[in-house]
Amino acid sequence: MSTCLVVDEMHPSLLPLLAEIGVEGDYQPHLTAAEIPAALAARPYEGLMVRSKLRVTAALLAHGPHLRYVARAGAGVDNIDEAAMAAAGVTLLNAPEGNRDAVGEYAVGLLLALLRNIARADHEVRQGQWRREANRGEEMGGKTIGLLGYGHMGRAFARRLGAFGCTVLAHDHDPAVPADAHATLVSLRELQARADVLSLHIPYSAANHHFVDEALLKGFAKPVWVMNTARGEVLDHAALVAALQAGAVRGAALDVLDNEKLNTLTAAQQATFDYLKTAPNVVLSPHVGGWTFESYARINEVLAEKIRAFRAQADGPTVGS
């Protein structure tokens, strides 16, 4: 039986699921990032399963000469050096299918909160203020929603938007991304010309760092609402603040920030955060878009199936196939 080292907290269904496919899960979520290289070297692990605790680098992979795959329990892989993985002959498995529905639902909630002033109105009532006219909102129906990125998360959001009577446009850098019935694939220029809302669904990479910058925001034909449930680093937060102050962005809903360790903000990051956290047209949440009880378990199911399929392709059928 092959062995997979699991170094982050996972739903308790994981070990039985791995056992069903002939994999022993060595569950050690207590390990610190500094302790993992030695743990990895202690046994001939075939797999390593991580969330966000650890950066998977060439130096780390050198401690696991028997590794054949790294399983990322989630969608984003920005903590994994994919070039180092390829050089080491190690396959990357991730699980965007596991939390795409959670993100799609949450994005709807964020958009409703943004357009209908839900968070602001809640805060005001708790402060003893009853301001109906000041919190008159706008309906989602009839809005044109522009999705930047049309992978698992963008598609999950698009499927739900149709029920609200929205027009959904999507732009993806990959020309091979398939179309579907839930959105119209368009150029970035057309998306900027037509969108009322910009929703970000692109992964973080060095090439995507601050992809949504001052120039991109200024390129919209009309003031837009901006939403980000992807990764904070794809958005230039200083440019967002400037656009909010200038009225080029009508409001923002951010589930992610460029630095989510709030006690380590640089002076520049602190300045933008201070504005965002006090702006009445900004909704903030702590990276919980994909964080549900259902997705917690579903990610295990997706990863177990991908590990089974990987091993079956490499070695032939395994237990439980």
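For clarity, every value in this text was computed on a predicted model and none was experimentally measured.

(A) Inspection of the side chain of N259 at higher detail. Structurally, N259 can be placed in the loop between β11 (249-254) and α11 (267-278). Its relative accessible area of 15% is what places N259 among the buried residues. For N259, the side chain forms a polar contact with the main-chain nitrogen of K261, separated by 3.0 Å. A distance of 3.1 Å separates polar atoms of two side chains, one belonging to N259 and the other to Q269. Beyond its immediate sequence surroundings of up to four residues, N259 is in contact with T264, L265 and Q269.

(B) Main features of the pairing of strand β1 (residues 2-6). Counting buried positions over the five residues of β1 gives five, a clear majority of the element. Neither face of β1 is left uncovered, since the one carrying S2, C4 and V6 and the one carrying T3 and L5 both have all their residues buried. The pairing of β1 with strand β2 (residues 23-27) spans five bridges and is classified as parallel. Across the sheet, the residue bridging to L5 is D26, located in β2. One ladder, built from three bridges, connects β1 with strand β3 (residues 47-50); its direction is parallel. Along β3, the bridge assignment pairs C4 with G47.

(C) Representation of the packing of helix α5 (residues 96-116) against helix α12 (residues 293-315). For the pair α5 and α12, the least separation of the axes is 7 Å and the interaxial angle reads 155°. One element, α5, and the other, α12, form an angle in the roughly antiparallel class. Contacts from P96, E97, G98, N99 and A102 of α5 reach α12 at S295, R298, I299, V302 and K306. Taken together, the residues that form the contact of α5 with α12 break down as four nonpolar, three polar and three charged.

Definitions and cut-offs
- Sequence order as written defines the numbering, with residues in each chain counted from 1.
- Under the rules for a predicted model, residues below a pLDDT of 70 receive no local features and side-chain atom pairs below 80 are neither given nor counted, while totals for whole chains, interfaces and linings still include all residues.
- The side-chain values count all of the structure's non-hydrogen atoms but skip hydrogen atoms and water molecules.
- A run of H or I in DSSP becomes a helix once it reaches four residues, and a run of E becomes a strand once it reaches two; helices and strands are each numbered from the N terminus.
- Note on exposure labels: buried denotes an accessible area under 20% of the residue type's maximum, exposed denotes more than 50%, and partly exposed covers the range between, all computed with a 1.4 Å probe on protein chains only.
- Pairing of N or O atoms within 3.5 Å defines a polar contact, subject to two protein rules: one partner must be a possible hydrogen donor and the other a possible acceptor, and residues neighboring in sequence count only if both atoms are side-chain atoms.
- Any two residues whose heavy atoms approach within 4.5 Å at even a single point are treated as in contact.
- Two strands pair under a simple rule: DSSP has to find at least two bridges between them.
- Whenever a helix is involved, its axis is fitted only over the stretch in contact; in every case the axis is a line through C-alpha atoms, and angles between N-to-C directions fall within 0 to 180 degrees.
- Throughout this description, any angle smaller than 35 degrees is read as roughly parallel, any larger than 145 degrees as roughly antiparallel, any in the 65 to 115 degree range as roughly perpendicular, and the remainder as oblique.
- In this classification, the charged set is Asp, Glu, Lys and Arg, the nonpolar set is Ala, Val, Leu, Ile, Met, Phe, Trp, Tyr, Cys and Pro, and all remaining amino acids, among them Gly, are polar.

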